[in-house]
Amino acid sequence: MPNRSMPAAPYPTPGALLMGDAFNMRHPLTGGGMTVALSDIVVLRNLLRPLKDVFCASPDKARQEMREACFDYLSLGGVFSSGPVSLLSGLNPRPLSLVLHFFAVAVYGVGRLLVPFPWPKRIWIGARLILGASGIIFPIIKAEGVRQMFFPATVPAYYRAPR
Ligand SMILES: Cc1cc2nc3c(=O)[nH]c(=O)nc-3n(C[C@H](O)[C@H](O)[C@H](O)COP(=O)(O)OP(=O)(O)OC[C@H]3O[C@@H](n4cnc5c(N)ncnc54)[C@H](O)[C@@H]3O)c2cc1C
């Protein structure tokens, strides 16, 4: 294993959390790398301790519905399960499949809300659910480019996703 000094030049960036070697790599001969990494974990643990629940779910009812719709959509099995899983596992790179399944989940979520009776409150939650889903997917489509995402054959090969 090549062995050389890599002096620390930490570059603190607001919003980024770097620990262990990522923030500050010690010379291997000091044998201090794991001590530093584990100490960083203790520092982070102490910093997070005042927080009640770091990974707490949003109290927003529309997001709760979206979460449950995602889970139940996957539980339907068949294409409703293999489709999203092929996207999550990197087996399907086609953006159109992503958009279709994304909105299918949202529509499925709204459908569940409207059955057995479309109470105004539930219609309102459904509208917020669609709005929330749109707020996630449309900025991505805008950033990637409509042509690149849906008509990749019309753009130079460099911008195309692998098939
Ligand atoms: C030859 C050698 C001997 C050493 N001997 C000692 C010793 O005796 N005692 C000691 O305390 N320390 C020793 N160290 C140092 C110690 O191994 C490191 O300091 C320590 O492992 C750092 O832990 P870490 O979690 O910060 O980084 P790492 O252990 O390097 O973990 C980073 C992980 O992130 C993964 N990763 C990287 N990029 C990506 C990505 N884009 N996406 C997903 N995952 C990614 C990597 O595969 C890796 O698993 C030695 C190091 C070397 C190289």
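Residues numbered from 1 in each chain as written. Predicted model: local features only at pLDDT ≥ 70, side-chain atom pairs only at ≥ 80, totals over all residues. Heavy atoms only, no water.

**Remarks on the UniProt feature "transmembrane region" (unreviewed entry) in the protein**
Then, number 1: On the UniProt side, "transmembrane region" (unreviewed entry) is annotated at positions that read residues 29–48, 69–90, 96–115 and 122–141 here.
Then, number 2: Taken end to end, residues 96–115 comprises 95% helix and 0% strand; its first and last C-alpha atoms sit 28 Å apart.
Then, number 3: Structurally, residues 122–141 comprises 100% helix and 0% strand, and the distance from its first C-alpha atom to its last is 28 Å. (UniProt positions renumbered as here; feature names shortened; annotations may be inferred. Helix = DSSP H or I, 4+ residues; strand = E, 2+ residues; numbered from the N terminus.)

**Remarks on the packing of helix α4 (residues 95–114) against helix α5 (residues 120–144)**
Each pair of packed helices gets described by two things: the angle between the helix axes and the distance between those axes.
Then, number 1: As a packed pair, α4 and α5 sit with axes 8 Å apart at the nearest point and diverge in direction by 170 degrees. Taken together, the axes of α4 and α5 lie roughly antiparallel to each other. Each of Leu-98, Val-99, Phe-102, Phe-103, Ala-106, Gly-109, Val-110, Arg-112, Leu-113 and Leu-114 in α4 lies in contact with α5, whose residues at this interface are Arg-122, Ile-123, Ile-125, Gly-126, Leu-129, Ile-130, Ala-133, Ser-134, Ile-136, Ile-137, Phe-138 and Ile-141.
Then, number 2: Of the residues belonging to the contact of α4 with α5, the class tally is 17 nonpolar, three polar and two charged. (Axes fitted to C-alpha atoms, helices over the stretch in contact; angles between N-to-C directions. Parallel < 35°, antiparallel > 145°, perpendicular 65-115°, else oblique. Contact = heavy atoms within 4.5 Å. Nonpolar A, V, L, I, M, F, W, Y, C, P; charged D, E, K, R; others polar.)

**Remarks on the packing of aromatic side chains**
Then, number 1: Per the stated rule, a full pass over the model turns up five aromatic pairs.
Then, number 2: Pairing Phe-102 with Phe-103 gives two aromatic rings, centres 6.0 Å apart and planes at 80 degrees, and the pair type is edge-to-face.
Then, number 3: By relative accessible area, which is 21% here, Phe-103 ends up partly exposed. (Phe/Tyr/Trp six-rings, centres within 6.5 Å; stacked < 30°, edge-to-face > 60°. Buried < 20%, exposed > 50% of the residue type's maximum accessible area, 1.4 Å probe, protein only.)

**Some thoughts on the site of the ligand**
Then, number 1: Taken together, the neighbourhood of the ligand is formed by nine residues, with Gly-20, Asp-21, Gly-31, Gly-33 and Met-34 sitting nearest.
Then, number 2: Within the backbone of Met-34, one N or O atom sits 2.8 Å away from an oxygen atom of the ligand.
Then, number 3: In the complex, the protein chains occlude 32% of the 1000 Å² of accessible area that the ligand would expose alone.
Then, number 4: The residue makeup of the shell around the ligand, split by class, is four nonpolar, four polar and one charged. (Near = heavy atom within 4 Å. Polar contact = N/O pair within 3.5 Å; in protein donor to acceptor, adjacent residues only side chain to side chain. Areas by Shrake-Rupley, 256 points an atom, 1.4 Å probe, with all protein chains shown as cover.)

**Examining the nonpolar core**
Then, number 1: Counting residues in each nonpolar core, the largest one holds 16 residues, and the members touching the most others are Met-66 and Leu-129.
Then, number 2: Counting residues per element, this core draws most heavily on α4, which supplies six residues. (Core = buried A, V, L, I, M, F, W, Y, C linked by side-chain atoms within 4.5 Å.)

**Looking at a nonpolar patch on the surface**
Then, number 1: Judged by side-chain polarity, Met-34, Leu-38 and Ile-41 come together as a nonpolar surface patch covering roughly 350 Å² of accessible area.
Then, number 2: Here Ile-41 shows up in helix α1 (residues 33–48). (Patch = residues over 30% accessible without salt bridge, like charges linked within 9 Å, V, L, I, M, F, W, Y side chains within 5 Å. Salt bridge = Lys/Arg side-chain N within 4 Å of Asp/Glu carboxyl O.)

**Describing the domain arrangement of the protein**
Then, number 1: Domains assigned within the protein are domain 1 (1–55) and domain 2 (61–159).
Then, number 2: Between the C-alpha centres of domain 1 and domain 2 the distance comes to 37 Å. (Domains from an automatic or database assignment.)

**Considerations on the packing of helix α2 (residues 61–75) against α4**
Then, number 1: One way to put it is that α2 packs onto α4 with a least axis distance of 9 Å and a crossing angle of 110 degrees. Comparing the axis directions of α2 and α4 gives the class roughly perpendicular. Residue-level inspection shows Glu-65, Met-66, Glu-68, Ala-69, Cys-70, Asp-72 and Tyr-73 of α2 in contact with α4, the latter providing His-101, Ala-104, Val-105, Ala-106, Tyr-108, Gly-109, Arg-112 and Leu-113.
Then, number 2: Here the residues of the contact of α2 with α4 are counted per class, giving nine nonpolar, two polar and four charged.

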